[in-house]
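The lines below spell out each chain.
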Amino acid sequence: MNNKLYGKLIFELSHEGRKAYSLPSNKYGNYELPADMRRQADAELPECDELTVVRHYTNMSGNNFGVDNGFYPLGSCTMKYNPYIDEEIAARPEFTAVHPAQPANTCQGALAVYYNLQKSLAAITGLSEFTLNPFAGAHGELTGLMIIRAYHESRGDFKRVKVIVPDSAHGTNPASAAVCGLEVVEVKSNADGTIDIDHLRSLLDDTVAAIMMTNPNTLGLFEPGIPEIAKIVHECGALLYYDGANLNPMLGASRPGDMGFDVMHINLHKTFSTPHGGGGPGCGPVGVREGLERFLPKPKVVKNGDMYEIETGGEGEIHVGAFLGNFDVAVKAYTYILSLGRENIKMVGPLATLNANYIKESLKDVYELPINGLCKHEFVFDGLKDKSTGVTTMDVAKRLLDFGFHAPTIYFPLLFHEAMMIEPTESEGKDTIDEFINIMREIAREAKEEPDLVKNAPHNTPIGRVDDVQAAKHPVLKF
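First, a word on what this report is: a plain description of the structure on this page. (Residues numbered from 1 in each chain as written. Predicted model: local features only at pLDDT ≥ 70, side-chain atom pairs only at ≥ 80, totals over all residues. Heavy atoms only, no water.)

A few words on the overall build of the chain. Helix and strand content of the chain: 16 helices and twelve strands. Its C-alpha atoms give the chain a radius of gyration of 26 Å, within 12% of the compact-globule value 23 Å for 479 residues. Across its three principal directions, the C-alpha atoms of the chain cover 75 × 70 × 45 Å. Across the 479 residues that make up the chain, the buried fraction comes to 47%. Of the contacts made within the chain by residues no fewer than 6 positions apart, 70% connect residues no fewer than 24 positions apart. (Helix = DSSP H or I, 4+ residues; strand = E, 2+ residues; numbered from the N terminus. Rg over C-alpha atoms; globule rule 2.2 N^0.38 Å. Buried < 20%, exposed > 50% of the residue type's maximum accessible area, 1.4 Å probe, protein only. Contact = heavy atoms within 4.5 Å.)

Spelled out as C-alpha cells, the structure:
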C-alpha cells in the first residue's frame, strides 16, 4: 500500500454518520414488506464518505496480480495475454444486447459468429465439426466422454465402460470420466515422461471405451508414439480423446485430427483469448471426426442457404446446456482468430515453444531438469540443483513474489517431488523473459548464500508468509 490509512480494512475506516451515497426522492410511494422478509436488526455495514471508499478499493485493487501487471509463468494453465481488441469487440452493444431466446432471423450476425467459429476451430484442429455449448474445459471433457459413450451404445456395445488415463494427466481427466459413470484405468509413463505403449497395450480389450491424452503432455513433451497408440486403440474398438488444454503450442505445428484423434475439447481461455481465472467466464468447445457429428449436443447453429438457423435436438440426444454456450467468449475467440489470420496464427505454437526452451536452457545449470531434451510450451524443474541448504520449491515461489513476478505452478505434476512447471506462452518478449531468468538465477544464488532470506519470503508483499495448511483448513472470510 502506498498509504497506511488505506491499508486498513473498510470497517476500520468507518465513522458513524458518514455516507457515500445520495438517494433521490421517492416518487413511487411506500410498499410494506411482509414481516417474514424484514431484517430484524440493522445490517452491519461500514459508514464512509465517497472519497474514502474510492481510495480504499482503488488501493486494494493494486494487490491483484494478473497478466496485465506482469509475467505470469503458470505452467499448465497458459496465462497468456488477451488482446484488448477482443474485449472491445465483445463489448459492442450489437453483441451484448442479444437475448438467447429471440428469433433467429433477428440475430443473424450473432449466429454467423457462432457458425464461423465452429468452422474455424474445425479447420485449426483437423476435425469435422464442433459444438460451442460446454461452459468450461472440464464441461467439455464430460461432453466429449458422453459423445464417446453414446457412440458405443448406438452400436449396442454396452460393455465399454473403461477410460484409460495417463499418470501425468490433468486431474480433470479421471474426474470427468468418473462423473460420466466410466471406470478409470491408469497407464504408466516411461522414464522420459511419455506414455508406456507396452503397458497401454496390456490394458486394451473390448471393455475400453477410450483413452484420454494431452499432447504435448503435462510435462510439456510431445508424444512421439501417437501413430502407434492410435493404431492399437482403434484396433481394439476404442476411441482417442484429445485433452486440448495444451493446444497452444500445436498451433501451426500439427492438428489433433491428423494425428488420429476422434474427439477433443478446447479451452478457449488457454488458446483463443478469454480471461482466465476467477471462476469464469469459460467455454470448452468439443469437436469430433467425420462420422461422429450426429452425437454432438444440440442446440447448434447451421446454415441454410443465406440464413443461419438454430437446430434443436430430439429425444435421446445429448444435452449439456439450454442455449448455445457462452456467447461473449465465442466473440472474443473469433476476434482473436480473425486478428491473427491464417498465417500469423501459425506462429503461436513455434513462439511458445521457443520461449519455453530458452528459459529451460538458461536455467538448467542451477535448477534440476529431470527430463532433458526439447520441450514444447512448458517444462518442469525438480527444484534447485543445489538442495544442500534446504530451500524448497515453495520457498523459490514465495521469493519470486518479492521481485514482482507471479510464481509458476508448483508441486505439479506429481511425478517429481519438487516440481516447478514454467510456461511463458508466446506473448512474452525477450526483455521480460531475460529479466525472469536473471531473477531465477539470483534466487538460486540466495538459496545457497542467504537461505534464510528465501525461506522467509515474501518480504515485500502486503501479507508475508502464511501457514498454507491452516489458511486452507481455517480461512478467515470476514472482518
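For the rest of this paragraph, the subject is the environment of A150. Following the sequence through the fold, A150 ends up in helix α5 (residues 137-154). Sequence separation of A150 and L296 is 146 residues, and the distance between their C-alpha atoms is 9.8 Å. The residues contacting A150, other than those within four sequence positions of it, are F295 and I318.

Okay, the packing of α5 against helix α6 (residues 172-179) next. Contact geometry of α5 with α6 gives a least axis separation of 9 Å together with a crossing angle of 50 degrees. When the interaxial angle is binned, α5 and α6 end up oblique. The interaxial crossing formed by α5 with α6 has right-handed handedness. Two secondary-structure elements touch here, α5 through A138, E141, L142 and L145 and α6 through T172, N173, S176, A177 and V179. (Axes fitted to C-alpha atoms, helices over the stretch in contact; angles between N-to-C directions. Parallel < 35°, antiparallel > 145°, perpendicular 65-115°, else oblique. Left-handed = near helix turned anticlockwise from the far one by under 90°.)

This part covers the pairing of strand β8 (residues 300-304). Sheet topology places β8 next to strand β9 (residues 307-311); five bridges connect them, and they run antiparallel. Bridging across to β9, K300 finds its partner in E311. The loop that links β8 with its antiparallel partner β9 comprises two residues; one of these, G305, has a positive phi angle of about 70 degrees. (Pairing = 2+ DSSP bridges.)

Okay, the side chain of S176 next. As for its position among the elements, S176 is in helix α6. On the basis of relative accessible area, S176 is assigned to the buried category, the value being 6%. Here E141 takes part through its side chain, which lies 2.8 Å from a polar atom of the side chain of S176. Look past the residues within four positions of S176 in its chain and what remains in contact with it is A138, E141, L142 and L145. (Polar contact = N/O pair within 3.5 Å; in protein donor to acceptor, adjacent residues only side chain to side chain.)

For helix α8 (residues 226-235), the full list of buried residues reads I226, I229, A230, I232 and V233. On the buried face of α8, the contacting elements are α7 (197-203), β4 (208-214), β5 (239-244) and α9 (256-259).

This paragraph deals with unusual backbone geometry. Omega for the bond connecting K298 with P299 falls within 30 degrees of zero, at 5 degrees, which places this linkage in the cis form. Note that P299 resides in the loop between β7 (286-288) and β8. Each neighbour pair has its own omega, and for F412 with P413 the value is 0 degrees, a cis peptide bond. Its location among the elements puts P413 in the loop between β11 (409-410) and β12 (419-422). You will see that S273, though not glycine, has its phi angle at about 65 degrees, which is positive. The topology assignment puts S273 in the loop between α10 (268-271) and β7. Accessibility expressed as a relative area gives 3% for S273, which makes it buried. Positive phi, normally seen in glycine, also occurs at T425, with a value near 65 degrees. Note that T425 resides in the loop between β12 and α14 (430-449). Owing to a relative accessible area of 1%, T425 belongs among the buried residues under this scheme.

The next subject is the sheet that holds β12. Within the open sheet, the three strands sit side by side as β10-β12-β11. Their pairing is antiparallel. Since the sheet does not close on itself, it has two edges, and those belong to β10 (379-382) and β11, each with one partner. Strand contacts of helix α12 (residues 348-363): β10 and β12, with the helix running at about 20 degrees to β10, the strand carrying the most contacts.

Our next topic: the nonpolar core. Core analysis: the biggest nonpolar cluster contains 58 residues, and L200, V233 and F272 have the highest contact counts within it. For this core, the secondary-structure elements that each account for two or more residues are α4 (108-125), β3 (183-187), α7, β4, α8, β5, β6 (263-266) and α11 (327-344). Ranked by residue count, the leading element in this core is α4, at ten residues. Apart from the residues lying within four places of it in its own chain, the contact partners of V233 are L200, L204, I211, A238, L239 and L240. Of all hydrophobic cores here, the second largest spans 25 residues; its members include L369, F381, M420 and F436. (Core = buried A, V, L, I, M, F, W, Y, C linked by side-chain atoms within 4.5 Å.)

Let us look at the packing of helix α13 (residues 393-402) against α14. At a closest axis distance of 10 Å, the pairing of α13 and α14 adopts a crossing angle of 125 degrees. Viewed along their axes, α13 and α14 adopt a mutual orientation that is oblique. Crossing geometry of α13 relative to α14 is assigned as right-handed. Every residue of α14 that contacts α13 at V396, R399 and L400 is listed here: F436, I439, M440, I443 and E446.

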